[in-house]
Amino acid sequence: MLRTHHCAQLTSADLGTTVSLVGWVDSIRDHGGIIFVDLRDRKGITQVKFDSSLREQATHLKDESVIGITGKVEVRPADMVNRNLPTGEIEVDATGLTVHNLSDTPPFPLTDAGGDKVNEDLRLTYRYLDLRRPKMRKNLAVRHRATKAVRDYFDAQEFIEVETPALFKSTPEGAREYLVPSRIHPGQFYALSQSPQQFKQILMVAGVEKYFQIARCFRDEDLRADRQMEFTQVDVEASFIDREGIYALFEGMLKKVWKDVLDHDLPTPFPRLVFHEAMNRYGVDKPDVRFGLELQDFTGLFKTSSFKVFASTATAGGAVKALNAKGLADLTQGEIKALEEIAKSLGARGLAFIKVEGGEWKSPIVKFFSEAEKAALTAQLGITDGDMVFFAAAPWEQACAILGRIRLEAAQLLVKRGKLTLRPDDWQFLWVVDFPLMSYDEARGGYAATHHPFTAPVPEDAAFLDSDPKKVRGQHYDVVLNGMELGGGSIRIHQPALQKKDFEEVLKIPADVVESRFGYMLKALTYGAPPHGGIAFGLDRMCALLCGTTSIRDVIAFPKTQKGQCLMTQSPTPVTEKQLKELHIRTVLPE
RNA sequence: GGGGUGGUAGCUCAGUUGGUUAGAGCGUCUGCCUGUCACGCAGAAGGUCGCGAGUUCGAGUCUCGUCCAUCCCGCCA
């Protein structure tokens, strides 16, 4: 037996007991005649004392070595108790020492504070060391508990977990896929599943009624702090359910996860915001509602303005929107410039602003405003001294998006100045609903599904499918937490005729393509498909939020870098000619 | 594909206007130390300044290119 106890177990009640512990050397304090070693395992730390004949051997230990010790539990002298350790009342007087593995000096400090500062590429190269840090071990545990809470919840609701294939067929709509060459079928490919969407709908046709899966998904798109090439989705689908049913089901799940993981009681139901209002007030479809700084609309006011830039936009069907960044009149030239650059990157021609200082409006555009316009702005935006007002004049959605982004930047600038606090544990969940079913894709010159082509229209809007598709709202919903899209889903189309019409007449996918790509699905719908709907959400993102981090890399054991590499295993790599030949593949490298 | 930030000792960083031998803290190593728990004290070692060109009498510092990490835009039905 390598150990009798773990390193967080012993107390003064164990006085005099002979015990064996194994673990990693967390730190060594060598006093010459006496050596203290903090021994660490996954449960905690116990101080081991070497002052016998073992002292000489112990001087050769190094941090992070794996050792086993045998010894007698002693109670520490009263003034030597370490109140910071659960085992701080005792220590083990070592009488036996086995060095299982002497460690090289780690390339970076394995403490929470020290490791957080280290460049992430180093942490990823030595991920097995990074994961020894208490914070990372805690993150792994949080992920486990969250995942378990999800499974327990759906199990209790009589859902069953069904596995679906990772190797799917290629469907070039939507996200770029990872292709997998078929050895048996030369020149043909599978695609790694972007999500189990189609299989879960088929499972509804199969009569499963209540399905869920913790599913790995793959998308060959550029990576971000909240996006990895492979990620984990909690995928749910149910028959005979409507939107209200989904909201209640999902709120129940989140309530349980927050309770089980954080012992926090989430208030439900979550507020709901229709898409149009989310855009109007926050300039984004995933608003962070922990702070105000809401957008205001002045399109009407400026229709007749002598300020041509605003007036022409307003009369041409665009929108003029403004945002009062309260208390940000002290922005530096550089900060204003940076905001302008952001606005420009979203297609704005500039970023008009009013700086309110010393009772005066300092702005290059204010000379064009009439007294009535100034009064209206003051009233609606609540302008007082020390404020900074930003404007956007553009087509409605773009104007909203520009100020939506400026709103987030302004919040960060306020946080930087200590004028705003954004607590990560201020859990502001909400549903965003009533998305447009279709959006017009300028580049392609046609309509594209906002969510995916299986989303059912809101029944009372279905009549507009032919006449004015962009007016049709989809039965789609997103669940948003503090500016992050946690997940989304919809009630699906279950009538084959409507689904076919959607593909062919609205999305304008040629009939033969529809048949080859979705034929099996349309056929399945003809055999008594029940009304159904579901939701999918990012487990990685949820765990990141539960852990108080914004990067999902912190809750994935072995994540990839922004260039898609695993720095620890050095993948991807070239493969042998033999492998390529077997797969009937020839590579053509870029110039 | 584009923009921002960063790359100097094992780690985190400083490095002035281009100018002698590139510094600090932590870590490492050696010695001392029987009550520490971020132990302490004394000493030492440790650098292709990401890489490659260029300008210059002289480049960590300026210019160009390139690689890597990260944040963002595009992209992510």
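What you see is a predicted model, and the numbers here were worked out from it, not measured in a lab. (Residues numbered from 1 in each chain as written. Chains lettered and ligands numbered in written order. Predicted model: local features only at pLDDT ≥ 70, side-chain atom pairs only at ≥ 80, totals over all residues. Heavy atoms only, no water.)

1. Description of the sheet that holds strand E16 (residues 360-362)
Move 1: If you walk across this open sheet you meet the five strands as E13-E14-E17-E15-E16, and the pairing is antiparallel. The strands lining the two open edges of the sheet, one partner per strand, are strand E13 (295-297) and E16. Strand after strand, the sheet turns through a mean of 25° between neighbouring axes, direction not considered.
Move 2: In terms of strand pairing, strand E15 (residues 353-357) meets E16 through three bridges, oriented antiparallel. Along E16, the bridge assignment pairs Val356 with Trp361.
Move 3: Lying over the sheet, helix H8 (residues 275-282) contacts E13 and strand E14 (319-325), oriented at roughly 100° with respect to E13.
Move 4: Against the sheet, helix H10 (residues 308-315) engages E14 and strand E17 (388-394), with an angle of about 45° to E17. (Pairing = 2+ DSSP bridges. Helix = DSSP H or I, 4+ residues; strand = E, 2+ residues; numbered from the N terminus. Axes fitted to C-alpha atoms, helices over the stretch in contact; angles between N-to-C directions. Contact = heavy atoms within 4.5 Å.)

2. Thoughts on the nonpolar core
Move 1: Judged by nonpolar contacts, the single largest core of 48 residues is most densely connected at Phe154, Leu254, Val257, Trp258, Phe429, Trp431 and Met542.
Move 2: Sorting elements by how many residues they give to this core places helix H7 (residues 243-262) first, with nine residues.
Move 3: When residues no more than four places from it in sequence are discounted, the contact partners of Val257 are Ala146, Ala149, Val150, Leu262, Met542 and Leu546.
Move 4: The next biggest cluster of nonpolar side chains, apart from the first, holds 28 residues, and it includes Ala319, Phe390, Leu403 and Leu414. (Core = buried A, V, L, I, M, F, W, Y, C linked by side-chain atoms within 4.5 Å. Buried < 20%, exposed > 50% of the residue type's maximum accessible area, 1.4 Å probe, protein only.)

3. Focus on the domain arrangement of chain A
Move 1: Looking at chain A, the domain boundaries give domain 1 (12-101), domain 2 (137-261 + 428-555) and domain 3 (291-416).
Move 2: Using C-alpha coordinates to define each centre, domain 1 is positioned 63 Å away from domain 3. (Domains from an automatic or database assignment.)

4. Quick notes on the side chain of Ser490
Move 1: For Ser490, the position within the fold is in strand E22 (residues 484-491).
Move 2: Polar contacts involving the side chain of Ser490 include one to the side chain of Thr455, which spans 3.2 Å.
Move 3: Once residues lying within four places of it in the same chain are set aside, the contact partners of Ser490 are His451, His452, Thr455, Gln475, His476, Tyr477, Gly533 and Gly534. (Polar contact = N/O pair within 3.5 Å; in protein donor to acceptor, adjacent residues only side chain to side chain.)

5. Details of the protein's contact with RNA strand B
Move 1: Around RNA strand B, a shell composed of 48 residues is seen, among which Arg29, Asp30, Met80, Glu221 and His451 lie nearest.
Move 2: Restricting the count to atoms of RNA strand B within 4 Å of the protein gives a sugar and phosphate share of 52%.
Move 3: Between RNA strand B and Glu221 there is a distance of 2.4 Å, counted from a sugar or linking oxygen to a side-chain nitrogen or oxygen.
Move 4: Ala449 places a polar main-chain atom, nitrogen or oxygen, 2.9 Å from a sugar or linking oxygen of RNA strand B.
Move 5: Breaking the surface near RNA strand B down by element, the ones donating at least two residues are strand E1 (18-30), strand E2 (35-40), strand E3 (45-50) and helix H3 (120-125).
Move 6: Within the surface near RNA strand B, the residues separate by chemical class into eleven nonpolar, 18 polar and 19 charged. (Near = heavy atom within 4 Å. Nonpolar A, V, L, I, M, F, W, Y, C, P; charged D, E, K, R; others polar.)

6. What about the packing of helix H6 (residues 197-205) against helix H16 (residues 511-525)?
When two helices pack together, their arrangement is given by the angle between the helix axes and the distance between those axes.
Move 1: Between H6 and H16, whose axes approach to 10 Å, the crossing angle comes to 25°. Here H6 lies roughly parallel to H16, going by the angle between them. Between H6 and H16 lies a crossing of left-handed hand. Together, Gln198, Gln201, Ile202 and Val205 of H6 and Phe518, Tyr520, Met521, Ala524 and Leu525 of H16 make up the contact between the two elements. (Parallel < 35°, antiparallel > 145°, perpendicular 65-115°, else oblique. Left-handed = near helix turned anticlockwise from the far one by under 90°.)

7. Some details on the confidence of the model for chain A
Move 1: On average, residues of chain A carry a pLDDT of 92, and 99% of them reach 70 or more.
Move 2: Averaged over each element, pLDDT in chain A is lowest for strand E19 (residues 438-441) (77) and highest for strand E6 (residues 160-161) (98).
Move 3: Predicted as a complex, the structure gets a pTM of 0.93 and an ipTM equal to 0.93. (pLDDT = per-residue confidence, 0-100.)

8. Comments concerning the sheet that holds strand E7 (residues 167-168)
Move 1: Ordered in space as E7-E9-E8, the three strands form an open sheet in which the pairing is antiparallel. With one partner strand each, in any of the chains shown, E7 and strand E8 (179-181) form the two edges of the open sheet.
Move 2: In this structure, E7 lies alongside strand E9 (residues 189-192), joined through two bridges in antiparallel fashion. The residue bridging Phe168 from the neighbouring strand is Ala191, located in E9.

9. Some remarks on the pattern of salt bridges
Move 1: Evaluated as defined, the whole model comprises 50 salt bridges.
Move 2: Here Arg216 and Glu230 are joined by a salt bridge, their closest N and O atoms 2.7 Å apart. In this pair, Arg216 sits in strand E10 (residues 210-218) while Glu230 sits in strand E11 (residues 230-239), placing the two residues 14 residues apart along the sequence.
Move 3: Taking the relative accessible area as the measure of exposure, Arg216 reaches 46% and is therefore partly exposed.
Move 4: Among the residues examined, Glu230 registers a relative accessible area of 27% and is labelled partly exposed.
Move 5: Of the charged contacts, one joins Lys362 and Glu357 as a salt bridge, the two residues approaching to 3.1 Å between their closest N and O atoms.
Move 6: Judged by its relative accessible area of 28%, Glu357 is partly exposed. (Salt bridge = Lys/Arg side-chain N within 4 Å of Asp/Glu carboxyl O.)

10. Looking at the pairing of strand E18 (residues 429-433)
Move 1: For E18, the tally of buried residues reaches five of five residues, placing the bulk of the element in the interior.
Move 2: Strand direction decides the pairing type here: strand E12 (residues 272-274) and E18, joined by three bridges, are parallel. Looking at E18, one finds that Val274 is bridged to Val433.
Move 3: As defined by bridge partners, E18 adjoins strand E21 (residues 476-481) across five bridges and the pair is classed as antiparallel. Following the sheet pairing, Phe429 is matched in E21 by Leu481.

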